[in-house]
Every structure is written in structure tokens, then in C-alpha cells.
Amino acid sequence: MWFNVLTRCKQHNAINGYNYRAFFKLHELDHHNPANADLIVDLLVYVLAARDGHILLSEQNKTAPTALEIVLGGGGNTFSQIRFGQKGSPLRTKASAGLLSPIDPLPVRVRIDTEGQVRVYAGNLTGEPFMETMMPKKNASDLRYVSFTTWGTALAKWFYDCPLPANSTNGTALIDGNELEQEFDGKQRLLDHLLGVPRWIDPPVNFSGVQISQMYIQGFVYDQTTNLVELSGAMGLSWKDPRYRWNASDFDNTTVVGDVCHLIWTPSFQSASLFTGTFSLCYLSNEGTVIVEMDEFSWANFCTLSDSYRWPYDTNACHLKLLTASHERHVPMHLAIRSVNYNTLEHKNVRWDEVTCILNRIMMLVVVIVFAIGFSKP
């Protein structure tokens, strides 16, 4: 099982967007000992991410002119790339739709020789390279550090300093990336099973409701000419739907499956909410727990400002309302958080510099979430 492999690695979680924070010396890693004298880098890592995994090999413990960047599952998990330098010129680009997974770890091996030849293996570590290129300059010997990150709101778990594949003659099983084949088979049969489940338009009976578990606010706009206020960002939600339960032992002990937004019931929102956004990732557990991610949403409302005699020191408050659409059954909404996270908040307005967001945990008519926004001029 892949779990046994990962226990022999070190772990680094990339959670702060595109930012290389931690750098690791290659020669201090326990398992970075290239057996071939012509190799400068021979690194094995595993990555768990829905999209946008980034590896940086650098000459210093920071971003530097001499660096090699490897992008896996970029562009929403649609392409991969080798770049010379951070955000540098692409040396090799390859379409790779669905390469990364937040559930199944992807083994990645990076090999760079003294001549500057770069080989990246992904998935199958013993076949042909997934991507291959040459560095513009023969300075691979300057690459002494490795770092990992992600992009935007994507989260990535990196398992590094993993034991390199060994020959079977020494009694160590060869890690070739195909050891997950049985698990993939079980998940494929599970996906086929879910395809046969009816597409319901209502939540389950005695539905406990949708939990808003995460909210990242990235933008704020107030238009004085139209009195329109708008928030934008990312959101995470979860709920229970017992209609999708399954016996894990029937599917090679598969307990979680991803990329099922098109297979399961998901809530919709009334147009009166002025809320737009699509579920980008959906995970389903064998117990019927659904966890979804909304990478981008826009939430607006009309807000007429009250007259103030303290301008430009006035304070104003607006409310956003989120109403779920129902058919035969109500869809309760609950807030599982007390505050929101700001991710490089950009607010485009005329007079107000400070923006505060307050979550009102009191629900109106059990299907309305009220979001209060305050903005002021200090």
C-alpha cells in the first residue's frame, strides 16, 4: 500500500498559495544519494493535491536566478511544465489533464545529470520520462536546494526525502508507481456504481443541512453609482447524504472518491441571492459525507448608504443574503465558522479603506445566511 511508502518520507504542507517558504538542502536529505556519478539530482517525492503542484530546485535557500521550476497539474490540473527560473521561460510543456489527485498520491522522480539533461517521471517511475528537456546552461551542479508550493487557494501535501527505487536483488520491493493499480480499479468500479445512482433534485429526507466550513475573501467592490456591493473569493462546504453510502470492502477498501460533482446532488442558490459560483471539486466518503470546494464565487447585493455628517470618517454596513433553492424539501444552511480568512484582499471603492466582514450565525427562515460587511474611513 502507498501508505507504507509515505511513512518513510518527510512531509511538507503547502497552504499559503504560490510562495516558496521552506528550502531543504539536497545533500542533507537522508535518501538523496545519486548512485550514478553523472547525476546531480535524483529526487523522489509524492504529492497529494487537486491541482497546481510546484517544485523549485535552486542554488540558494531562496528564489534565485539559477533555478529550475517543475509545475504539475497547472491550469486547474490540465497541463505540466518545466521552467528555467521561477515563473521563467518554459522549457517543456505537456498536456496532463487529471494528473494530480487529492486522494491518490502521485509519485514524482526528478533526475538531472551533469550535462543539464532533466528527466521528470510521474506515475510510472520505470518507464519513459513524463517530461524531458535540457537546461539552457550546464549549471545543474548549482542546484543545491529544493522547495515546494502550490497556487491560489489550492492545498498540496508534499512527501519528500523518500527512499529511491531499489533493485529487487537487495530484498527491497521496487517502487514503480503501479502499486496503486488495485486501488484505482476499486475506485473505477465505484465511479461506475455512482453513475447508476439516480440524479436527485432534492436533498435526502430529514436533511441536516449544508455547512459552510471555509471562506476566503479575496476581493471587495462597492459601486457608488449603482449602490452595488460585491464580495469575491473561495468557499468550502460540506453535508451528509446517506443515499451515496457504500461498503468499502466491495470496492477494494475505497473509502473516499473525488471528482464526483457531476454524479451527486449539490445545492443550488436562488437568483435573488445574487450569488454565482460553481463547485470545482467534490469528495465523497463511504459514510455519505460530501466535501466540496468552490474556487471562485461572486456574492453581491444592493446597499444604499445612509446620510452621514462624519464624512470622511463615516461607517456603513451592508448585508448579503444567501438563499438556497428548494423543490419539495428545504435546504438548511449552517455556518461552521466564526470568521473569514482574507487572502490578499483587494477592495475597489471610492471612499472606504477598511473592510470588515462579520458572520451572522442567526439563520432567517432556516434557509438564509446573512453576511454583514462594514467599511469605514479611518
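Conventions adopted
Residues numbered from 1 in each chain as written. Predicted model: local features only at pLDDT ≥ 70, side-chain atom pairs only at ≥ 80, totals over all residues. Heavy atoms only, no water. Helix = DSSP H or I, 4+ residues; strand = E, 2+ residues; numbered from the N terminus. pLDDT = per-residue confidence, 0-100. Contact = heavy atoms within 4.5 Å. Phe/Tyr/Trp six-rings, centres within 6.5 Å; stacked < 30°, edge-to-face > 60°. Buried < 20%, exposed > 50% of the residue type's maximum accessible area, 1.4 Å probe, protein only. Disulfide = S-S within 2.5 Å.

1. Points about unusual backbone geometry
Trans peptide bonds make up the majority, and among non-glycine residues the majority have a negative phi.
Here is step 1: Phi is positive for Asn-77, which is not a glycine, with a value near 70°.
Here is step 2: Even without glycine at this site, Lys-87 takes up a positive phi of about 55°.
Here is step 3: Mapped onto the fold, Lys-87 is located in the loop between β6 (79–84) and β7 (89–95).

2. Describing the confidence of the model for the protein
Here is step 1: Across the protein, the average pLDDT comes to 79, with 78% of residues at or above 70.
Here is step 2: In the predicted structure, residues 167–184 sits below a pLDDT of 50 and forms 29 contacts with residues beyond four places in sequence or in another chain.
Here is step 3: Under a pLDDT of 50 for its full length, residues 344–369 has, in the predicted model, 94 contacts with residues more than four places off or in other chains.

3. Some words on the packing of aromatic side chains
Aromatic rings in a pair are described by how distant their centres are and how their planes are angled relative to each other.
Here is step 1: As enumerated under the stated definition, the model contains 13 aromatic pairs in all.
Here is step 2: Judged by centre distance (5.7 Å) and plane angle (40°), the rings of Phe-148 and Tyr-160 are tilted. Here the residue Phe-148 occupies a position in strand β11 (residues 145–149), and Tyr-160 occupies one in strand β12 (residues 156–160), the gap between them amounting to 12 residues. For the pair formed by Phe-148 and Tyr-160, the shared burial category is buried.

4. Let's talk about the state of the cysteines
Here is step 1: Taken as a whole and assessed by the stated rule, the structure comprises two disulfides.
Here is step 2: In this model Cys-9 forms its disulfide with Cys-162; the gap between the sulfur atoms is 2.1 Å. Every disulfide takes its handedness from the sign of the S-S torsion; for Cys-9 and Cys-162 that torsion is 125°, giving right-handed. On the criterion of sequence distance, the pair formed by Cys-9 in the loop between α1 (2–6) and β1 (10–14) and Cys-162 in the loop between β12 and α3 (181–195) is long-range, its members being 153 residues apart. Summarising the burial analysis for this pair, Cys-9 and Cys-162 share the class buried.
Here is step 3: A sulfur-sulfur separation of 2.0 Å characterises the disulfide bridge that pairs Cys-261 with Cys-282. Here the disulfide of Cys-261 and Cys-282 is right-handed, its torsion about the S-S bond being about 100°. One end of the pair, Cys-261, is in the loop between β15 (256–258) and β16 (275–277); the other, Cys-282, is in strand β17 (residues 281–285), and 21 residues separate them in sequence.

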